[in-house]
Amino acid sequence: IHEHGHMTNQTTVDALVAATGIVPTALTMDTEGAEILVLRGAVETLRVHRPKVWASLHPDLAVTHYASPTSEVHSLMKSLGYKSRHLATDHEVHTLFYPSERAADIRW
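Per chain, residue numbering runs from 1 following the sequence as it is written. Only residues with pLDDT of at least 70 are given local features in this predicted model, and only at 80 or more are side-chain atom pairs given and counted; all residues enter the totals for whole chains, interfaces and linings. Side-chain numbers here rest on the full set of heavy atoms in the structure, without hydrogens or water.

Caption draft 1: Region of the structure containing the overall build of the chain. Every helix listed is a DSSP run of H or I at least four residues long, and every strand listed is a run of E at least two residues long, numbered separately from the N terminus. Helix and strand counts for the chain stand at five helices and four strands. Reading the secondary structure of the chain in the N-to-C direction produces α-β-α-α-β-α-α-β-β. Only heavy atoms enter the contact rule, under which two residues are in contact if any of them lie within 4.5 Å. Residue pairs at least 24 apart in sequence account for 62% of intrachain contacts in the chain once pairs closer than 6 positions are excluded. Here, Shrake-Rupley sampling with a 1.4 Å probe gives the accessible areas, and only protein chains in the shown set may cover a residue. Working note: accessible area of the chain is about 6500 Å², and carbon and sulfur atoms make up 56% of it.

Right, dumping it as structure tokens:
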């Protein structure tokens with residue numbers, strides 16, 4: 001999105017769900033810092049359908065390219081009733097977000 005957004009067709013998760021009727025039970029993303037943009041485009045899907053979300057968060061790129069610290073991702077997901085679990089950190093932060101009402105369904 002950062003380098004080629006002006007040349008790349010884009011949609012949102014919410015628009016895709018509305019257009020196709022396909023409802024995800026899980027989402028995964030590795031968007032090189034644009035995580036908050038993706039999640040903002042999925043708010044209704046997250047609120048209504050409650051999929052689990054695996055995210056590779058890029059704190060440095062999120063701030064540099066999108067002026068958005070990853071704390072915004074955590075705040076948004078918390079406001080939607082999601083909990084988080086840190087999975088690992090290498091050059092990015094791997095995190096699982098899951099609906100708090102489904103916490104018992106998560107197998108560690």
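Let us keep going from here.
Caption draft 2: Expanded view of the pattern of salt bridges. Salt bridge, as applied in this entry: a Lys or Arg side-chain nitrogen positioned within 4 Å of an Asp or Glu carboxyl oxygen. One pass over the structure, following the stated rule, counts three salt bridges. A salt bridge links Arg47 to Glu44, with the shortest nitrogen-to-oxygen separation between them at 3.3 Å. In this pair, Arg47 and Glu44 are both assigned in helix H3 (residues 43-49), three residues apart and thus about one turn of the helix distant. Accessibility here uses a 1.4 Å probe with only protein chains present; expressed as a share of the type maximum, an area under 20% marks a residue as buried, one over 50% as exposed, and anything in between as partly exposed. Classification of Glu44 by relative accessible area gives partly exposed; the value is 42%.

Caption draft 3: Looking closely at the pairing of strand S2 (residues 52-57). A pair of strands is considered paired only if DSSP assigns at least 2 bridges between the two. As judged from the four bridges shared by strand S1 (residues 26-29) and S2, these two strands associate in the parallel manner. Each bridged residue has a counterpart across the sheet, and for Leu27 the counterpart in S2 is Val53. The pairing of S2 with strand S4 (residues 93-99) spans five bridges and is classified as antiparallel. Its bridge partner being in S4, Val53 is matched across the sheet by Phe97.

Caption draft 4: Summary view of the sheet that holds S1. Read from one edge of the open sheet, four strands run S1-S2-S4-S3, paired in mixed fashion. What marks the edges here is a single partner per strand, and that holds for S1 and strand S3 (82-89). Shown here is a sheet whose adjacent strand axes are inclined to one another by a mean of 15 degrees, direction ignored. To obtain an axis, a line is fitted to C-alpha atoms, over the contacting stretch when the element is a helix, and the angle between two such axes runs from 0 to 180 degrees between their N-to-C directions. Most of the contacts of helix H5 (residues 71-79) go to S4, to which it runs at about 10 degrees, and overall it touches S2, S3 and S4.

These values are about where atoms sit, not about what they do.
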